[in-house]
Each structure stands twice: as C-alpha cells, then as structure tokens.
There are 2 protein chains.
Amino acid sequence: MTQTAPTPATPIGSADLVGRRYRDPDLTSLAHRTPTIDQQLAHRSVREFLDAPVTDAQLTSIVAAAQSASTSSNLQAWSVIAVRDADRRSRLAALAGDQRFLRCAPLVLVWLADLGRAARLAAEHRTQLGATDYLETTILGFVDASLAAQNAALAAESLGLGTVFVGAFRNRPAEVAAELGLPDHVFATFGLAVGVPDPAESAGIKPRLPQEVVLHRETYDPARDSAIADYDVRLRGYNTEHGRDADWTTPVLARLADRHSLKGRDQLRRHLEERGLPSR
Amino acid sequence: MTQTAPTPATPIGSADLVGRRYRDPDLTSLAHRTPTIDQQLAHRSVREFLDAPVTDAQLTSIVAAAQSASTSSNLQAWSVIAVRDADRRSRLAALAGDQRFLRCAPLVLVWLADLGRAARLAAEHRTQLGATDYLETTILGFVDASLAAQNAALAAESLGLGTVFVGAFRNRPAEVAAELGLPDHVFATFGLAVGVPDPAESAGIKPRLPQEVVLHRETYDPARDSAIADYDVRLRGYNTEHGRDADWTTPVLARLADRHSLKGRDQLRRHLEERGLPSR
C-alpha cells in the first residue's frame, strides 16, 4: 500500500537547485543528477511547522532509512527516541537553548550514541566490554548516530516533511539524560525536530562554501581558503534576503571564540564520563 | 546536460527491499515509500570494484550532495580529499588495515574534521579561537563530516556507484596525516572507497536490528533488547548465505572487548591532541 508523498513546499528537480546551493558562477549545473541528488540539493532547515501530525507510518519509513545507513562493523551503536508528548518537548526545549521549534514540531527525534546495548549484552554474557572507556568508541557512537540521522532527515524531506538538527541537546546533557531515562553508556548526541513545513517561513536553500574550498585533491591545500572571500559576499546576499545582516567569517569566529561561546558544551567530556563513556 | 544514471547492480524499487533489510515477519512493507527511501533501503557496502573510473563530473555531484547536508551553525567544519593516485591509495591501504579495496577502488574520499579553516581565518583576523581545544568541537567536526559523507555515499549509490566506509584510517592517524599533508586542527575521520561495483561480489542488503530495538518512545526502554535474539538468528542466516559463520552478538562483544580490539585507536585522544585538537 505505497502512498504517493505530498508535493514538498520547495519544488525539487528545478534546474536552479545548484545555483541556489552555491550562488557560484563557476558551478551552475551538474552533469550528473538523480532524484536522490535533487532531493539532497533541495535541503533546507525548517524551524516553522504547521499544526499537522507526523504519523507512526511515516516514522517507520524514516527509521528504516536511518537503519539502512552504514554503521561501523555493523555495531549499530545508536538508538533514537521519538518524543511526541508536548510537555516533554517543552521541557526538552527549556534544556536546549529554549528553541521555539522544539515546542511546535509534533515530533522530536533524539539521536543517541548507544554503547549501552552492547554493555548490557556483555553483562548478560558475563564478559568485559573494555573498549567503551575510550574516545574512539564514544566517537564511533556519534558517527553511527550521525550517519543514521542524516538518512532519516533526507527520508523525512522526501516525504514532504521538514527537519532541523538541534545540537543544543549537548548544552545540559545530565538533565536531558534524566528526562529521557537514559541508562549508562548512552548519550544524547543531538535532536532532529520533524514536522510539516510552514510555507510562510522565510528561509531558503542556504549557499555553501565553494566546492574548491572543501574539496582537496591528493593532499590538503590551505591555499583553497582564498575563495572564502567570495563566499562571504554570497552568504551575506542570502542573509540579507532573509532579514539578517551577516557574512560567514564573523559568526564562525564568534561561535568558536572561546569556551563561553560553547554554552556549556565545554563540559562535554565530564558529562560523557558521568554517562559511563570516559572517552580517554 | 543531465545524464541518466546507469542502472545499479542492485535493482531498487523492489517490493522486497524492506524484507531484505529486516528479515522481520513483523515489518515486511512500508506504507510510505519514495525514490529516495528506496535508494536508502537498497544500500549495501561494496568491497569489490570493476576496473572503471569515477569521473570528475560524478565527483562534483557527490560533493554537492555532501555540502547539502546539515552542518552545525553552518560552520561547515569538514573537508574531503579525493585520492586517485594508485601509489597513494596503496600507501593509505597499508596504514588502514591493509584492506584490499583501497587499492582497487579508483577513488578514495578521505573525510576530514576540519577546524583548520576556522583557525587560519582567526589567525588572519588576529583573533583567538579557543573553542577548538574542547572535545565538543572535535565531535562537532566528526558529526559534520559524517552528515556530509552519508549524503555523499547515497548520492554515489544513486549514480550507480558503490561505496564502503573505512574507519581504519583512525588506526594510525599520524602517518595518515603525513601522507595527506594535513595541517593543524585537521583530522582524518574515515575514508570512503568509491567505484563501480563488481556484480560478482557475494554481498547483499545486510539485515539490521529490528526497529523495536533501536526506536524508543518518549523514554529509553532497555527491555527492547529482548528482540536481539531474533536478530542473531536472522543475521546468522544472512551470513551463512554469504559464506560466513557468525551471529551479531559474538562479533560485537569481541569488537568492543578491550583496548586491544581497537587496533591502535585506543590512542585516538593523544593523536587528536597532536593534531591540535586536545579534546578536553
């Protein structure tokens, strides 16, 4: 009983997707396009949602997409919690920078780096699981969760839904863990708010750095940074259209200036240790 | 000049994709399917490649897909190095567990957590960039690289190519960094081998854990582990078909047993510190 997905608010397949993604006169089209690549190019973060549900059947498809992503050694070192309860979403919003969309989106997916499943298996089999003490394993959990979540976000978009990632779940990890009942060796990496996009939101396809800046050949070439100046102009143009006054460089330097700009996340290592992932 | 992608070796859109992904009698179809979700469900890791190129035009599409993924605060804290040179691929293979496919795949993409770009901007603007000292920022780079790489892998698959992730680039990070000329604050997170799949490879769509194991509702429920026993049977069935004798639990417990099972990656934190990412 396959249903046709609703038409997305952003029409995809447009010849101008590449133009909007880069605003780069040197890259205005792609020789190779597929429906999947067009879906990816059309991505934008959605922070305004209609009062409309995300169904359990849609969630099943989204999670199937997530589980189809690669996972290191098939460890599947991640889980996801689907939060629908409005009071819980409101409490999570308060813990994650008070971002309004966490209260408005009907579904918040919390992606977990989950070494707890393996730890419980080890306990059941009366064997040790020493690797969970190391940063490698913590990062493996974060990477697994990220690969899964990116597939989930794209699958949701292909169903006509909108999403936005929420890194601020790492601001206050202890309270987030308590709210979600997380056991040892399980850590909330980030959230993904999901809902039907409000077409009235002023947001578009955000231009990214020129390809030549991020794509190196054979070895790393710092001289590629020289194209960042062009990008500052392009992103300022996009931001101006959406009522903001900013280039790229200034907010990047502010965001990474010092520990205070991390909004509590400078304590991440201690929080991981308290969750059973000492990350040494 | 949009070209039609070649037909993938694994036919997608098959009604049986869900059956192959789960082998779960309780989840045999999805109510919501899209071409993107079908592409995701059809994923398999490819480790045997034909002697056929991946073109620069294909690479441009793959990187455009990668850049279209979400990125924390638009920091775009990642880069990618496209390695085609056979000698370099051979040397990288020797550093990454001597996996043969790194020598056979015509293209190896090395995904970098890249805080170096921001650090160089800060130097140019004569300002400090203190946040790069913290584990939060290291992990942000790994997450950004992972979101981008997952989009890249899926885009490549939609073009009829095959891919496999290579975590073993973290076994010997100092040598990998030297080979790739990585500057400070840049770390090779993992590789992605890309090429035209050899249809003779014995591999299929690997079954994943039942959805009920990884998908929690409102709060985390460890009792969901009880369905792992069924999965052990299903994965053993899949492995038997491909000439391997293994369930899920046994290799998971071996892979995470102790620091020796990490093959050098227990030193990851020290290596990050040496690359300018002390991760405290």
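Residue positions are counted from 1 within each chain, in the order its sequence is given. Numbering of ligands from 1 and lettering of chains from A proceed in the order in which they are written. Only residues with pLDDT of at least 70 get local features here, since the model is predicted, and only at 80 or more are side-chain atom pairs given and counted; chain-wide, interface and lining totals rely on the full set of residues. Each side-chain value is derived from all of the structure's non-hydrogen atoms; neither hydrogens nor water enter the calculation.

Per an unreviewed UniProt entry, the recorded name for chain A is NADPH-flavin oxidoreductase, and the organism is Gordonia insulae. UniProt positions are given in the numbering used here, feature names are shortened, and annotations may be inferred rather than shown by experiment. The UniProt entry for chain A carries the following comment under Sequence similarities (unreviewed entry): "Belongs to the flavin oxidoreductase frp family."

Caption draft 1: How the structure looks around the overall build of chain A. Helix and strand assignments follow DSSP, with helices taken as H or I runs no shorter than four residues and strands as E runs no shorter than two, numbered in order from the N terminus. A count of helical and extended segments in chain A gives 12 helices and 5 strands. A radius of gyration in this sense is built from C-alpha atoms; the matching globule rule multiplies 2.2 Å by the number of residues raised to 0.38. Here chain A has a C-alpha radius of gyration of 20 Å; the compact-globule value for 280 residues is 19 Å, and the two agree. Residue contacts are counted whenever heavy atoms from the two residues lie within 4.5 Å of one another. Summarising the internal contacts of chain A: among those between residues at least 6 apart in sequence, 75% fall at separations of at least 24. Accessible surface for chain A amounts to roughly 10,000 Å². Of this, 50% is attributable to carbon and sulfur atoms. Two residue types count as positive, namely Lys and Arg, and two as negative, namely Asp and Glu; His and chain ends fall outside the count. The atoms used to mark charge sites are NZ of Lys, CZ of Arg, CG of Asp and CD of Glu. Of the side chains in chain A, 32 bear a positive and 34 a negative charge, and the two mean positions are spaced by 3 Å. Residue exposure ignores everything except the shown protein chains as possible cover, and the areas themselves are Shrake-Rupley values with a 1.4 Å probe.

Caption draft 2: How the structure looks around the packing of helix α7 (residues 135-158) of chain A against helix α7 (residues 135-158) of chain B. Running from amino to carboxyl end, α7 of chain A crosses α7 of chain B at an angle of 45 degrees, the nearest separation of the two axes being 8 Å. When the interaxial angle is binned, α7 of chain A and α7 of chain B end up oblique. For the crossing formed where α7 of chain A meets α7 of chain B, the hand is right-handed. Two secondary-structure elements touch here, α7 of chain A through Leu 135, Ile 139, Phe 142, Val 143, Ser 146, Leu 147, Gln 150, Asn 151 and Leu 154 of chain A and α7 of chain B through Leu 135, Ile 139, Phe 142, Val 143, Ser 146, Leu 147, Gln 150, Asn 151 and Leu 154 of chain B. Angles shown run from 0 to 180 degrees and are taken between the N-to-C directions of axes, each axis being a line fitted to C-alpha atoms and, for helices, limited to the stretch in contact. Each angle gets one of four labels, with under 35 degrees taken as roughly parallel, over 145 as roughly antiparallel, 65 to 115 as roughly perpendicular, and the rest as oblique. Helix crossings get a hand from a simple test, with the near helix turned counterclockwise from the far one by less than a right angle marking a left-handed crossing and a clockwise turn marking a right-handed one.

Caption draft 3: The arrangement of the UniProt feature "domain: Nitroreductase" (unreviewed entry) in chain A in detail. Per the UniProt annotation, the sites labelled "domain: Nitroreductase" (unreviewed entry) are residues 43-193 of chain A. Taken end to end, residues 43-193 of chain A has its terminal C-alpha atoms 14 Å apart, with 44% of it in helix and 18% in strand.

Caption draft 4: Representation of the sheet that holds strand β1 (residues 78-83) of chain A in the model. If you walk across this open sheet you meet the 5 strands as β3(A)-β4(A)-β2(A)-β1(A)-β5(B), and the pairing is mixed. Only two strands of the sheet have a single neighbouring strand rather than two, namely β3 (162-166) of chain A together with β5 (215-217) of chain B. Across the sheet, the mean angle from the axis of one strand to that of its neighbour is 25 degrees, orientation sign disregarded. Pairing of β1 of chain A with strand β2 (residues 107-114) of chain A involves 6 bridges; the strand directions are antiparallel. Each bridged residue has a counterpart across the sheet, and for Ile 81 of chain A the counterpart in β2 of chain A is Val 110 of chain A. By this definition, two strands are paired if DSSP reports at least two bridges between them.

Caption draft 5: Geometry of the sheet that holds strand β4 (residues 186-195) of chain B. Pairing is mixed across the open sheet formed by 5 strands, whose spatial order is β5(A)-β1(B)-β2(B)-β4(B)-β3(B). Where the open sheet ends on each side, the last strands, each with one partner, are β5 (215-217) of chain A together with β3 (162-166) of chain B. The mean angle between the axes of side-by-side strands here comes to 25 degrees, regardless of whether they run parallel or antiparallel.

Caption draft 6: Region of interest: the pairing of strand β2 (residues 107-114) of chain B. Residue and element names in this part refer to chain B. Each residue is assigned to one of three classes by its accessible area relative to the maximum for its type, calculated with a 1.4 Å probe on protein chains only: buried under 20%, partly exposed between the two thresholds, exposed over 50%. With 8 of its 8 residues buried, β2 lies for the most part within the structure. Burial along β2 is two-sided: Leu 107, Leu 109, Trp 111 and Ala 113 facing one way and Val 108, Val 110, Leu 112 and Asp 114 facing the other are all buried. As paired elements, β2 and β4 share 8 bridges and run antiparallel to each other. When the bridges of β4 are listed, Leu 107 appears paired with Val 194.

Caption draft 7: The arrangement of the pattern of salt bridges in detail. One speaks of a salt bridge when a side-chain nitrogen belonging to Lys or Arg is within 4 Å of a carboxyl oxygen belonging to Asp or Glu. Tallying each qualifying case throughout the model produces 40 salt bridges over all chains. Measuring nitrogen to oxygen at the nearest pair gives 2.4 Å for the salt bridge that ties Asp 38 of chain A to Arg 33 of chain A. For the residue pair Asp 38 of chain A and Arg 33 of chain A, the accessibility class agrees, reading buried in each case. Residues Asp 24 of chain B and Arg 234 of chain B are paired through a salt bridge, measuring 3.7 Å at the closest nitrogen-oxygen approach. Linking Asp 24 of chain B in the loop between α1 (17-22) and α2 (35-41) with Arg 234 of chain B in helix α10 (residues 228-241), this pair joins segments that are 210 residues apart in sequence.

Caption draft 8: Quick peek at the relation of the copies chain B and chain A. Expressed as a screw transformation, the operator carrying chain B onto chain A has a rotation angle of 180 degrees and an axial translation of 0.0 Å, and the superposed copies differ by an RMSD of 0.0 Å. Both copies are brought into coincidence by an operation consistent with a two-fold rotation axis. The position closest to the rotation axis in chain B is occupied by the C-alpha of Thr 36 of chain B, lying 2.6 Å away. The residues that chain B uses at the interface reappear at the interface of chain A in 100% of cases, marking a shared surface. To line up the copies, we fit them by least squares on C-alpha atoms, keeping just the residues with pLDDT of at least 70 in both.

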